[in-house]
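What follows is each chain in one-letter form.
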Amino acid sequence: MKSRDMNHDWIATARTLSEALPFMQRYAGAVVVVKFGGNAMGDEDAMAEFARDIVLMRQVGINPVVVHGGGPMINDMLTKLGIKSEFVRGKRVTDKATVEVVEMVLTGLVNKRIVQAIMDEGGRAVGLSGKDDDLMVCEADDPELGFVGRPVEMNPQVLRDLFKAGIIPVVAPVATGMQPNETFNVNGDTAAGAIAGALQADRLLLLTDVSGVKDASGNVMTAMTPEEVSAMIEDGTIAGGMIPKTETALKAIEEGVRAVVILDGRVPNACLLELFTEHGAGSLIRP
Ligand code: X2W
């Protein structure tokens, strides 16, 4: 039964839907890769809301791909098992014992939790990792980091097959190597960028826990060209954890992604705000 709650502005709700039409038309059939980081996954409500946004995207004809992280969940499990872990330049030093935990946590717990959340919202999701159908094949990124992978070959046909079937792919950033039985731990942003590049995606949305890329006075830049981003990395305006994110963005654009948005995943309905409103969200990087 319909609610007749007069405290809610139903007319505004209807107007919002009406105003979203041009955006829905613009993105019909588009491929949108969404990186969902471990820090953005926090509580059950945030997970359900994220899943709902993804299901809505699919419902209006977008082909979303979720690529997730899970750094905090890996940390928890490593602590429980008494395995020490450290990061070098934003990437986890990954020995044999660690890569086994990374694969278990990401492809097991985290991946299935997201798949389940999408199913709970009435969508259809299938979870896979970079190993499935050789989606993402890696080489060692840096000998100092152990089994950390750098994607060198992408086979995204399996994702297109899932799109055709109306299924939302949910990808864990664990990859196979060139040698038999190799497993690589891939940074979630790196994996999302490589997948977006391989699909020539229309949008790569990097959901983080900051409001976007900030200029020298601390204001969020709403739009930037790749050249501007490079200059800001060069002069130190972009620093710390924003460096790997912006570098991922630049590489993705080089590989043919039309635009990358770095946005705050903690903002309610962040993906919808970015895709379906004039306002947008976070920092848009586009040639
Ligand atoms: C990451 C993979 C997970 C990830 C790790 O081991 O933590 C590397 O650092 P977030 O939640 O997106 O940070 N891999 C190589 O990227 O998680």
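All of these numbers come straight from a predicted model, not from anything done at the bench.

Moving on, we come to the pattern of salt bridges. This structure, assessed with the given rule, holds 14 salt bridges. Across the salt bridge formed by Glu 121 and Arg 52, the nearest N and O atoms sit 3.3 Å from each other. Placement of Glu 121 in the loop between α5 (96–120) and β5 (125–129) and of Arg 52 in helix α3 (residues 44–59) is noted, with a sequence separation of 69 residues between them. Across the salt bridge formed by Asp 141 and Lys 91, the nearest N and O atoms sit 2.9 Å from each other. Linking Asp 141 in the loop between β6 (136–140) and β7 (149–154) with Lys 91 in strand β4 (residues 91–92), this pair joins segments that are 50 residues apart in sequence. Look at the salt bridges and you will find they share partners, linking Lys 91, Glu 139, Asp 141 and Arg 150 into a network.

Taken together, 16 residues lie around the ligand, and Lys 35, Gly 38, Arg 92, Asn 185 and Gly 188 are the ones closest in. Here an oxygen atom of the ligand sits 2.8 Å away from a polar atom, N or O, in the side chain of Lys 35. In the environment of the ligand, an oxygen atom lies 2.8 Å from a nitrogen or oxygen atom belonging to the backbone of Gly 188. With the chains in place, 90% of the 430 Å² that the ligand exposes on its own is no longer accessible. Those elements that place two or more of their residues in the shell around the ligand are α4 (71–80) and β4.

One open sheet accounts for four strands, arranged β7-β6-β9-β10; its pairing is mixed. The sheet is open, and its two edges are formed by β7 and β10 (183–185), each paired on a single side. Pairwise comparison of adjacent strand axes, ignoring direction, gives a mean angle of 50° for this sheet. Two strands pair when backbone bridges link them, and β6 and β7 are joined in this way by five bridges, in the antiparallel orientation. Opposite Ala 140, over in β7, you have Gly 149 as the bridge partner. Lying on the sheet, α5 is in contact with β9 (174–177) and β10; it crosses β10 at an angle near 75°. Packed onto the sheet, helix α7 (residues 188–199) meets β6 and β7 and runs at close to 15° relative to β7.

Within strand β8 (residues 168–172), five of the five residues are buried, which leaves it mostly tucked inside the rest of the structure. Direction of pairing for β5 relative to β8: parallel, over a ladder of five bridges. When the bridges of β8 are listed, Gly 127 appears paired with Val 170.

Together, Asp 132, Asp 133, Asp 134 and Glu 153 make up a region of like negative charge exposed at the surface. Looking at the element boundaries, Asp 134 is found in the loop between β5 and β6. When its relative accessible area of 37% is taken as the criterion, Asp 134 is described as partly exposed.

A separate point is the sheet that holds strand β13 (residues 260–264). One open sheet holds the eight strands; their spatial order is β5-β8-β2-β1-β11-β13-β14-β12, and the pairing between them is mixed. Strands with a single pairing partner mark the edges of an open sheet, and in this sheet they are β5 and β12 (223–224). In the sheet, strand β2 (residues 63–68) pairs with β8 via two bridges, with the strands oriented parallel. Paired with Val 66 across the two strands is Val 170, which belongs to β8.

Calculation criteria
- Residues numbered from 1 in each chain as written.
- Predicted model: local features only at pLDDT ≥ 70, side-chain atom pairs only at ≥ 80, totals over all residues.
- Heavy atoms only, no water.
- Salt bridge = Lys/Arg side-chain N within 4 Å of Asp/Glu carboxyl O.
- Helix = DSSP H or I, 4+ residues; strand = E, 2+ residues; numbered from the N terminus.
- Near = heavy atom within 4 Å.
- Polar contact = N/O pair within 3.5 Å; in protein donor to acceptor, adjacent residues only side chain to side chain.
- Areas by Shrake-Rupley, 256 points an atom, 1.4 Å probe, with all protein chains shown as cover.
- Pairing = 2+ DSSP bridges.
- Axes fitted to C-alpha atoms, helices over the stretch in contact; angles between N-to-C directions.
- Contact = heavy atoms within 4.5 Å.
- Buried < 20%, exposed > 50% of the residue type's maximum accessible area, 1.4 Å probe, protein only.
- Patch = residues over 30% accessible without salt bridge, like charges linked within 9 Å, V, L, I, M, F, W, Y side chains within 5 Å.
- Lys, Arg positive; Asp, Glu negative; His and termini not counted.
- Charge placed at Lys NZ, Arg CZ, Asp CG, Glu CD.

Function cannot be read off these values alone, since they describe shape.
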